[in-house]
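Examining the three-dimensional arrangement
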Amino acid sequence: MTTLWVVILVTAVATAAIKAAGPVLLGGRRLPERLTAVVSMLAPALLAGLIVTQMLGREGRLTLDERLLGMAVAGIALVFRAHVLVAVVLAAVTVAIARQLL
Amino acid sequence: MLDINLRSPMSTDERHTSDGFAAGMRAGMPFALATILLGIYFGVLSQSLGWDAAASVLFSILTFSGSAQFAVAAVLGAGGGTMVAILAAVILNARFLPMGIAVAPYLKGGRWRRALEAQAVIDSSWALASRGNGRFDRAYLLGATAPQAVAWMGGTAVGVLIGDGIGDPNRLGLDMVFPVLFLTLLIGELKAGGRRAMVAAALAAIVAIALLPITAPGIPVLACCAAAMVGLYGRSTGAGS
């Protein structure tokens, strides 16, 4: 059990330190203009990366599977102005059905 | 550009209300609902690995990071060592470094108060609180994280108590919830950020696809941050005021 506790405590401290590093180093200072320009593009870049890895990643491999079908259904629902939560449910149901059948 | 209805808890209308915390909480609710189930799953999984119940719950309270915690469980469950487990978690969470730098100027108080507030940075809340041109809404960030924190910690506790029996929630398609919600946030960013945002997102997607098969989990998303460098080119709208 000692291994587990060491991993938990070190992971917790490391995660907190990673999140805290920016604020501790910067305090309340504004970022330099050039860095702000980069930061302004961080959200689209990170979101795209998160979507791709969660859609196509599986155990360290690129995988095309039922998740893409679910995403397509959600995309179509959004184009037809469905509420975001409706799109989420449609995507989940599509994937759940596909996993039952396949 | 697609005309997509974003009238949701995360609609732009609500973004500038004075009560940002409450609006943030509402925006965080869909994420929180999915997080409860993931938390239960984590609790159950950790029990199946023979973890001390207190360790599982404390892990969720202290680290509050689904991706890192599932990675640790996977590594230890497969008989991996202490260092491998810690390294996997650190790599997965390394993206919080640039995200923390981004929000730092918008938090409140001195360095340590800001460092404490930055603990509320998680993918969903950070993206929800993004206001374009590199600006962030602090109250919205804190509000969006609050229900998700309760959901993750509470879910883990429930899972530990249940011990077994709910099975893999992905059989219900739960793994679609975050990507679809992230997609709606991305569409909002693309609308606000124009062509540069589209280039950044496209580059990031290419980087992620290229690195996914050849790097450790966490590296692709971290490397995507480099795509934000397009912000340095062709600054047509200026970089904030």
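Source: prediction; values computed, not measured.

Further remarks concern the interface of chain B and chain A. Taken together, the contacts link 97 residues of chain B with 75 residues of chain A. Summing both sides of the interface, chain B and chain A together bury roughly 7200 Å²; the carbon and sulfur share of this comes to 77%. Here A:R99 and B:D175 are joined by a salt bridge, their closest N and O atoms 2.8 Å apart. Counting every contact that joins chain B to chain A gives eight residue pairs in polar contact (both at pLDDT 80 or more). Looking at the side of chain B that touches chain A, the elements with two or more residues in it are α2 (53-62), α3 (66-77), α4 (82-93), α5 (96-103), α6 (111-117), α7 (123-129), α9 (177-211) and α10 (219-224) of chain B. With 22 residues, the single largest contributor to the side of chain B that touches chain A is α9(B). Classifying every residue of the side of chain B that touches chain A gives 69 nonpolar, 16 polar and twelve charged.

Residues and elements named next belong to chain B. This model, assessed by the stated rule, comprises zero disulfides over all chains. With no disulfide partner, C224 has as its closest neighbouring cysteine sulfur the one in C225, 7.1 Å distant. Residue C224 is classed as buried on the basis of its relative accessible area of 0%.

What counts, and at which threshold
Residues numbered from 1 in each chain as written. Chains lettered and ligands numbered in written order. Predicted model: local features only at pLDDT ≥ 70, side-chain atom pairs only at ≥ 80, totals over all residues. Heavy atoms only, no water. Contact = heavy atoms within 4.5 Å. Buried area = accessible area lost by both parts, 1.4 Å probe. Salt bridge = Lys/Arg side-chain N within 4 Å of Asp/Glu carboxyl O. Polar contact = N/O pair within 3.5 Å; in protein donor to acceptor, adjacent residues only side chain to side chain. Helix = DSSP H or I, 4+ residues; strand = E, 2+ residues; numbered from the N terminus. Nonpolar A, V, L, I, M, F, W, Y, C, P; charged D, E, K, R; others polar. Disulfide = S-S within 2.5 Å. Buried < 20%, exposed > 50% of the residue type's maximum accessible area, 1.4 Å probe, protein only.

Everything listed here is a matter of geometry and, on its own, says nothing about what the molecule does.
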